[in-house]
Amino acid sequence: MASCTPVGNQREGSHDFARVRRIVKTDEFSSVFRLRPSQKTAHFVLYTRHNQLPHARLGVVVAKRFAPRAATRNTIKRVTRELFRNSAMPPVDCVVRLSRAVNSKDGPATTTKLKAELREELGRLFAAQIAAQARSVAAPPPSAP
């Protein structure tokens, strides 16, 4: 008989996307949205807020007006979660919001090209955030004259 790990077992540094790694409550989204955007790309805005947890959490907002088809919205969420899981984010709450239309109703809902473009843009977004966090941690405090 093969042994399996329990579903609720959360290992540090695991690449899962369990409920504890998600922002799900409206209040949690609101508290992150109150802050200014930390990074922007052509189609996405990233909001972050430090948290007191040992891991980062993610929330994704994809409005129907910018991605009218459910297949497109689900692809955006899936790609965002995949990149988030594979990035080494510090303990912050991140909300990724689609801010501009990625395709139109008359074209296909998802394509390999669209997925590749999403991966590239979201990868740059997360990499820029990780670099900004590293710079803020590594920066020495200003010395008094």
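Predicted model, so just to flag it, every value in this text is computed and none were measured.

Criteria and cut-off values
Residues numbered from 1 in each chain as written. Predicted model: local features only at pLDDT ≥ 70, side-chain atom pairs only at ≥ 80, totals over all residues. Heavy atoms only, no water. Helix = DSSP H or I, 4+ residues; strand = E, 2+ residues; numbered from the N terminus. Buried < 20%, exposed > 50% of the residue type's maximum accessible area, 1.4 Å probe, protein only. Contact = heavy atoms within 4.5 Å. Areas by Shrake-Rupley, 256 points an atom, 1.4 Å probe, with all protein chains shown as cover. Core = buried A, V, L, I, M, F, W, Y, C linked by side-chain atoms within 4.5 Å. Pairing = 2+ DSSP bridges. Axes fitted to C-alpha atoms, helices over the stretch in contact; angles between N-to-C directions. Arc of directions from axis to C-beta.

Caption draft 1: The arrangement of the overall build of the protein in detail. For the protein, the count of helices and strands is three helices and four strands. Counting helices and strands in the order they occur from the N terminus, the protein gives α-β-β-β-α-β-α. When each of the 145 residues of the protein is scored for burial, the buried share is 35%. For the protein, the share of sequence-separated contacts (at least 6 apart) that also reach a separation of at least 24 residues comes to 77%. Only carbon and sulfur atoms are counted for the fraction: they give 54% of the accessible area of the protein, which is about 9,200 Å².

Caption draft 2: Looking closely at the nonpolar core. Core analysis: the biggest nonpolar cluster contains 22 residues, and Phe44, Ile76, Val96, Leu98 and Phe126 have the highest contact counts within it. Listed by contribution, the elements that provide at least two residues to this core are strand E2 (44-50), helix H2 (70-86), strand E4 (92-98) and helix H3 (112-138). Of all the elements, H3 adds the most residues to this core, at five residues. Once residues lying within four places of it in the same chain are set aside, the contact partners of valine 96 are Phe44, Val45, Leu46, Leu58, Gly59, Val60, Val61, Thr80, Leu122, Leu125 and Phe126. Membership of the second largest hydrophobic core comes to six residues, among which are Ile23, Val32, Tyr47 and Val95.

Caption draft 3: Geometry of the sheet that holds strand E1 (residues 39-40). With mixed pairing, four strands are arranged side by side in an open sheet as E1-E2-E4-E3. Only two strands of the sheet have a single partner each, and these edge strands are E1 and strand E3 (57-61). Bridge count for E3 against E4 is five bridges, and the pairing is parallel. Note that in E4 the partner of valine 61 across the bridge is arginine 97. Contacting E2, E3 and E4, H2 crosses the sheet at an angle of about 160° to E3.

Caption draft 4: Local environment of the pairing of E2. Most of E2 is tucked away, with five of its seven residues classed as buried. In the sheet, E1 pairs with E2 via two bridges, with the strands oriented antiparallel. Counted as the bridge partner of lysine 40 is valine 45 from E2. The turn joining E1 and E2, which pair antiparallel and follow one another in sequence, is formed by three residues. When E2 meets E4, the two strands line up antiparallel, connected through seven bridges. Within E4, the residue paired with histidine 50 across the bridge is valine 92.

Caption draft 5: Summary view of the side chain of glutamine 129. As for its position among the elements, glutamine 129 is in helix H3. Setting aside residues up to four positions removed in sequence, glutamine 129 forms contacts with Ser38, Gln39, Leu46, Thr48 and Met89.

Caption draft 6: Just the environment of serine 104, in detail. Here serine 104 lies in the loop between E4 and H3. Here serine 104 falls in the partly exposed class, since its relative accessible area comes to 40%. Separated by 36 residues in sequence, serine 104 and proline 68 place their C-alpha atoms 7.6 Å apart.

Caption draft 7: Molecular detail of helix H1 (residues 26-33). All buried positions along H1 are accounted for by Glu28, Phe29, Ser31 and Val32. The arc that holds the buried residues of H1, viewed along the axis, is 160°, so those residues lie on one side. The exposed residues of H1 that point more than 90 degrees off its buried face are Thr26 and Asp27. Considering only its buried residues, H1 is in contact with E2, E3 and E4.

Any functional reading would require information beyond the geometric quantities listed.
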